[in-house]
Each structure stands twice: as structure tokens, then as C-alpha cells.
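# Chain and residue survey
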Amino acid sequence: MTTAQETGRPATPFVHAALVLEADRDLDVLATELVRSAKLYDEVLVVVGEHTRDVLTGRLDDLPARVRWRAPNAFYQRLGFAYEGFRRYLADEHRAGRRVHVIAEPDLVSGVDTGLRAERAAAYLAFEAMCNQTYALSASAVTCIWDGREHPGPVIDGVRATHSHVVTPTGRIPSPHYRAPERYLAERHDVPMRPPPAHVDHDITFDGSDGLSGLRSTVGEWAAAHHFTGEALADLVLAVIEVATNGLRHGGPPVRVRTWRQGGTLVVQCDDDGACLIPADAGYRRPDPVAPAAGGRGLWLARQLADVVTVSSQPGRTSVRLHFPRQIMMAALS
């Protein structure tokens, strides 16, 4: 294991920072940050789009050897996969005794229907909030690039609230707008969960676990009719069954499941009587494999298998809505 004393680089705490772009010239700040980080960390992993990479490389005559590039599609497919992929990378590097800096540019548009992008951005910001805890395994750093020209003001406000630091021309500084994960998740005002359409493809209500078998068949046939195949089909069915099972166990019967299509996205909503409120941070932490009885597996798994999971939990009613964009679900398997 390499130590800070052996490398001659000072130890640094975990930092989760945001760089908000207003123009391409703002990438000069990122170029400076990249060079600075190569002196502090064992590796700088850069996961950005082609345009950002072209601009960056044009500003750097000789990239440090510690800089490694990865294409966004290696990480940014389903939101839960992106979140977990970066977490595993940081955890593996931590176990190897290496300090790393991830510079990433979220792709929240590719493969997503226009009418669902606001929900996807809100869901991703929740992951951004939680990684302040779940990624803080060692003296590493994550810097996220958000383009203010592509995202509306409320999203950029959320960016500033979910990152503990911001990147400036003089370096990283604490964000005055930052809110701790629990507070952000409890106080955030997500895009309201719009009512399901008046006419849905399926509307199923059941009172016990014997209804899960019929639900599995109905949802599987429905997804297959919309050209979901292979693992994408299996993942969709498993996510729905996990959420419905949670509704029976923790919310209480009856459980109502509705399915419909919005553009290229299949949407499933599970409602129960809300006997148990769902904590705001539920499903964001990987379940403890040593103590599976502690719970939390169902919603965590759903967040991995669906692209977007939205939860509305209040006394008397809990609703969980799952989005499965076909383009993203199938791309994850290619």
C-alpha cells in the first residue's frame, strides 16, 4: 500500500466538488484542476463527453501520465448503475491503497424521452447527495461537471446543494449552498409525481403474496410486447416484483400496480396503504451482505435495475414509480 509519505504528496480528505459551466472558457478551470490533481493523486479518471474532452486536450500540451480517459457510456446508462459503478471503482482503489480523483460529466439526456428528463435529473441529484457519504472511503475526490447551458436553473441549484465544494479559478472551495444528504433528501422539492394516465395498459390489485405470480406473468408479457428481451426484460420484472413485495411486507395490502408506456419508456407504479413511511435515504446504500435481515434490499435493487425510481411516502399512502427507457435498458447489455 502506497502512503502519502512515500509519494511525497500531502494527504487530502474526500472532496465532492462541482464545476458549473457557463461557457467553454470555463473548462480552463478544469484543465488547471486536472494538472493539479495529477500531482496529488495516483490516478485521475476522466469520464466526459467528446466535446469536453476535445476542449480539454486542446488546452493541455502534455497530459500527465496519471490521467486515464473513459467514455461516458462505460458508466452512464441506468442511474443506479452509474452510481454503483463509481462507488465500486473508488472502493477498489481504496482497498489497493491508491488515491484517485474522478472527473465526470453526467449524461442525463441520451436515450431518455424529453418529457421524463426532469424526473431523471431529480433522481440523479439524489444520488449526488448520497455519494457524499457512500463514496467517502478514502482521501480521494470526485468532481462533477454540470453545464448551466443545458440544465435549467432549479437543477443547477440542486447541483450546488449536493456538492460539498465548488471548483473556482483558485481551486476548490466549500460550497455555501451545500446541504448534508439527509437534509437535502428530506427538504428537496422534486418534480411532483404526476398522476398516472386515465387509461393504463394494466391495473392490478392484490392482497397477498399469491398475487405476485400473476403480476410477474402480466408484467413480463407486457414488457415483451414492447420489445424488451433477455436481461432487460428480466431486470424489469425483478424490479417490479421487489417493489410490490416491499409494498406487501412493509406498507401493507392492498397493493395496486399500474403500467403504461410514455414514448420509448415503460412506466410502472406500485401503491400501498403506507403503513410504514419510507426513509428519504432508503435504497441508496448497498445492503449489508452479512446481515440481509436488516432490510433495504428491495428498493436498493430496484434502483439498480430501473433507470429512475421515484418515491412518494406519506401516512396512508406510499407510491413507487419505476422508469424503464428501452434504449437505456438494452444499451446496458451491449
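This text goes with the structure placed above it.
Residues numbered from 1 in each chain as written. Predicted model: local features only at pLDDT ≥ 70, side-chain atom pairs only at ≥ 80, totals over all residues. Heavy atoms only, no water.

### Some words on the sheet that holds strand 7 (residues 171-174)
Spatial strand order, 3-2-4-5-1-6-7: seven strands in an open sheet with mixed pairing. Among the strands making up the open sheet, the edge pair consists of strand 3 (67-70) and strand 7. On average, each strand axis in the sheet is tilted by 25° relative to the strand beside it, whichever way the strands run. Pairing analysis gives four bridges linking strand 6 (residues 165-168) to strand 7, with the strands arranged antiparallel. Note on strand 7: the bridge partner recorded for Thr168 is Gly171. Together, strand 1 (15-21) and strand 5 (141-147) form the strand contacts of helix 5 (residues 117-134), whose direction differs from that of strand 5 by roughly 155°. Together, strand 1 and strand 5 form the strand contacts of helix 6 (residues 153-162), whose direction differs from that of strand 1 by roughly 155°. (Pairing = 2+ DSSP bridges. Helix = DSSP H or I, 4+ residues; strand = E, 2+ residues; numbered from the N terminus. Axes fitted to C-alpha atoms, helices over the stretch in contact; angles between N-to-C directions. Contact = heavy atoms within 4.5 Å.)

### A word on the sheet that holds strand 8 (residues 202-206)
Taken in spatial order, the five strands of this open sheet run 8-9-10-12-11, and their pairing is antiparallel. For this open sheet the edge positions go to strand 8 and strand 11 (308-314), each flanked by a neighbour on one side alone. Neighbour-to-neighbour, the strand axes of the sheet open up by a mean angle of 15°, direction not taken into account. Looking at chain direction, strand 8 and strand 9 (residues 255-262) are connected through five bridges and run antiparallel. Counterpart to Thr205 in the pairing with strand 9 is Arg256.

### Description of helix 6
Among all positions in helix 6, only Val155, Ile156, Gly158, Val159, Ala161 and Thr162 are buried. Considering only its buried residues, helix 6 is in contact with strand 1, helix 5, strand 5 and helix 7 (181-187). (Buried < 20%, exposed > 50% of the residue type's maximum accessible area, 1.4 Å probe, protein only.)

### Observations concerning the pattern of salt bridges
Per the counting criterion, the structure on display carries 22 salt bridges. The closest approach of N and O atoms between Arg98 and Glu43, which form a salt bridge, is 3.5 Å. Residue Arg98 is found in the loop between helix 4 (79-95) and strand 4 (100-104), and its partner Glu43 is found in strand 2 (residues 43-47); the two are separated by 55 residues along the sequence. Asp147 is the partner of Arg149 in a salt bridge, and the nearest nitrogen-oxygen pair spans 2.8 Å. Residue Arg149 is classed as partly exposed on the basis of its relative accessible area, which comes to 44%. Take Asp147: its relative accessible area is 9%, and that puts it in the buried class. (Salt bridge = Lys/Arg side-chain N within 4 Å of Asp/Glu carboxyl O.)

Such coordinate-based values are descriptive only and should not be taken to indicate function.
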